[in-house]
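Summary of the model geometry
What follows is each chain in one-letter form.
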Amino acid sequence: MIQKTALICGVGGQDGGYLARFLISKGYTVWGSSRDAQGASFHNLKLLALASQVKTITIQPEDFKSVFIALKKAAPDEVYYLAGQSSVGLSFELPAETIQSSVIGTLNMLEACKLLDKPVKFYNAGSSESFGNTQGLAASEQTPFIPQSPYALAKASAYWLVNNYRDAYGIFACTGILFNHESPLRPRRFVTQKIIQAAKRIHQGSKERLVLGNLDISRDWGWAPEYVEAMWLMLQQPKAEDFIIATGQTNTLEEFVRIAFEKLNLNWRDHVDQSAEFMRPTELMVSKANVSKAKDILGWSAKTKLDLVIENMLTKDF
Ligand code: GDP
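All values reported here derive from a predicted model rather than from experimental measurement.

Conventions and cut-offs
Residues numbered from 1 in each chain as written. Predicted model: local features only at pLDDT ≥ 70, side-chain atom pairs only at ≥ 80, totals over all residues. Heavy atoms only, no water. Helix = DSSP H or I, 4+ residues; strand = E, 2+ residues; numbered from the N terminus. Rg over C-alpha atoms; globule rule 2.2 N^0.38 Å. Buried < 20%, exposed > 50% of the residue type's maximum accessible area, 1.4 Å probe, protein only. Contact = heavy atoms within 4.5 Å. Phe/Tyr/Trp six-rings, centres within 6.5 Å; stacked < 30°, edge-to-face > 60°. Lys NZ or Arg CZ within 6 Å of the ring centre and 35° of its normal. Disulfide = S-S within 2.5 Å. Domains from an automatic or database assignment. Buried area = accessible area lost by both parts, 1.4 Å probe. Salt bridge = Lys/Arg side-chain N within 4 Å of Asp/Glu carboxyl O. Polar contact = N/O pair within 3.5 Å; in protein donor to acceptor, adjacent residues only side chain to side chain. Nonpolar A, V, L, I, M, F, W, Y, C, P; charged D, E, K, R; others polar. Pairing = 2+ DSSP bridges. Axes fitted to C-alpha atoms, helices over the stretch in contact; angles between N-to-C directions. Core = buried A, V, L, I, M, F, W, Y, C linked by side-chain atoms within 4.5 Å.

1. Concerning the overall build of the chain
Looking only at helices and strands, the chain has 11 helices and 13 strands in total. Relative to the compact-globule value of 20 Å for 318 residues, the chain shows a C-alpha radius of gyration of 19 Å, a close match. Evaluated residue by residue, the chain yields a buried proportion of 56% over its 318 residues. Long-range contacts, defined as pairs at least 24 residues apart, comprise 80% of the intrachain contacts of the chain with a sequence gap of at least 6.

See below:
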């Protein structure tokens, strides 16, 4: 079997780390990029004991020259574009940076793929946020996007760029429209990790209060290490297509909090406050997924549902 080479842009993040581990286990040569590969700590890769197995390279996604040179050097068969500002909440503070990194970054990647002599398969990290409010209906791959944050708008635009390059130039490019996916590598700015870490500290005797925003929102929370396999499967198909990746189960944030505290024999109501500080200017209340396409075509479905996601986050190292 010929050994394949993959380039993971944004290898320092949660998904980058798990994808690197997955591809290495499949025998890939893995390159991983960061904005400053010499200066980056690659903390997650160290936690996963992968630091010596990933060839690191600098890519500034907004700078076409940097993208093109890196793709020439790594000469990948597959590119996974996971870079870019990834928090919806932060996108209200950094709208321009969010749009630049996602939209211009994706555009530069696609242009470079188009210009390279060797055919490259391209995966783009899309997001369920692009759908906006679907009025409680499960979103499918046919559901139109009505983005409600700078992040959602950036992800929707990148999705359409991928679509256009696929149609116009025949590039094997696709977008995984991933719903929220969590793990111990999730940074603490995301609500699940914020809850898990606070619940653990309170369980150990901390007297702190956990202050959250809107507890009525609902999300489909999955297990990130499983989701990277779906990314890879998309690039192994005979035809490039976009897929929703989710568990198919939607829960409120209040349920997440309750279960996390209950697993530590705590009553969440004794420890949690709400504050407008953590509420967003516009909020996606319910996020729901129709997961049938991924099941039918990729043969992929989520094994880890909410209860186990929480259990794993409380007990696993990564
Ligand atoms: P993202 O919205 O996909 O970037 O993921 P988050 O984990 O940041 O937020 C998920 C949902 O939890 C959003 O609807 C937030 O408004 C809601 N939420 C409620 N309280 C908090 C909080 O204290 N921090 C964060 N990050 N989100 C919160």
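2. Here we look at the packing of aromatic side chains
Taken as a whole and assessed by the stated rule, the structure comprises 10 aromatic pairs. Arranged with centres 5.9 Å apart and planes meeting at 40°, the rings of Tyr-80 and Tyr-123 form a pair that is tilted. With Tyr-80 in strand β4 (residues 78–81) and Tyr-123 in strand β5 (residues 121–127), this residue pair connects regions lying 43 residues apart in the sequence. Like Tyr-80, the residue Tyr-123 is buried in the burial classification. Ring centres 5.1 Å apart and planes at 90° place the aromatic pair Tyr-159 and Trp-160 in the edge-to-face group. Tyr-159 gets classed as buried once you look at its relative accessible area, which sits at 10%. Across from the ring centre of Phe-172, 4.6 Å away, lies the NZ or CZ of Lys-121, which sits over that ring. One cation-aromatic arrangement involves Lys-293 over Phe-243; the distance from NZ or CZ to the ring centre is 4.6 Å.

3. Some points on the state of the cysteines
Applying the stated criterion across every chain, the model contains 0 disulfides. As a non-bridged cysteine, Cys-113 has Cys-9 as the owner of its nearest cysteine sulfur, 8.9 Å distant. Cys-113 provides the cysteine sulfur closest to Cys-174, a residue in no disulfide bond, and the two sulfurs are 11 Å apart.

4. A closer look at the domain arrangement of the chain
Structurally, the chain comprises domain 1 (5–182 + 221–248 + 289–303) and domain 2 (191–217 + 251–286). Put simply, the middle of domain 1 and the middle of domain 2, counted by C-alpha atoms, are 29 Å apart. Taken together, the 11 residues of domain 1 in the interface contact 14 residues of domain 2. The contact between domain 1 and domain 2 buries some 970 Å² in all, and 62% of this surface belongs to carbon and sulfur atoms. Interface area lost by domain 1 to domain 2 is led by Phe-92, Gln-148 and Trp-221, which between them contribute 54%. In this assembly, domain 1 and domain 2 are joined by 0 salt bridges. Linking domain 1 to domain 2 there are 2 residue pairs in polar contact (both at pLDDT 80 or more). Broken down by class, the residue content of the side of domain 1 that touches domain 2 amounts to 3 nonpolar, 6 polar and 2 charged.

5. Some points on the sheet that holds strand β3 (residues 54–58)
What the 7 strands build is an open sheet, ordered β3-β2-β1-β4-β5-β6-β11; its pairing is parallel. Two strands bound the open sheet, and with one partner strand each, they are β3 and β11 (243–245). Strand after strand, the sheet turns through a mean of 25° between neighbouring axes, direction not considered. Direction of pairing for strand β1 (residues 5–9) relative to strand β2 (residues 29–34): parallel, over a ladder of 5 bridges.

6. Notes on the environment of Gly-17
Relative to the elements of secondary structure, Gly-17 occurs in helix α1 (residues 14–25). On the accessibility criterion, Gly-17 (0% relative accessible area) is buried. The spacing of Gly-17 and Gly-32 is 15 residues in sequence and 9.2 Å in space, taken between C-alpha atoms. Discounting residues that sit within four places of it in the chain, Gly-17 has contacts with Val-11, Leu-45, Leu-48 and Leu-50.

7. Quick look at the nonpolar core
Across soluble globular proteins, nonpolar side chains show a tendency to be buried alongside one another. Counting residues in hydrophobic clusters, the biggest one holds 41 residues, and the most contacted among them are Leu-23, Tyr-80, Tyr-123, Ile-245 and Trp-300. Mapped onto this core, the elements with two or more residues apiece are β1, α1, β5, β6 (173–178), α8 (224–235), β11 and α10 (292–298). Of all the elements, α8 adds the most residues to this core, at 9 residues. Those residues in contact with Leu-23 that sit more than four places away from it in its chain are Ala-6, Ile-8, Tyr-28, Val-30, Tyr-80 and Trp-232.

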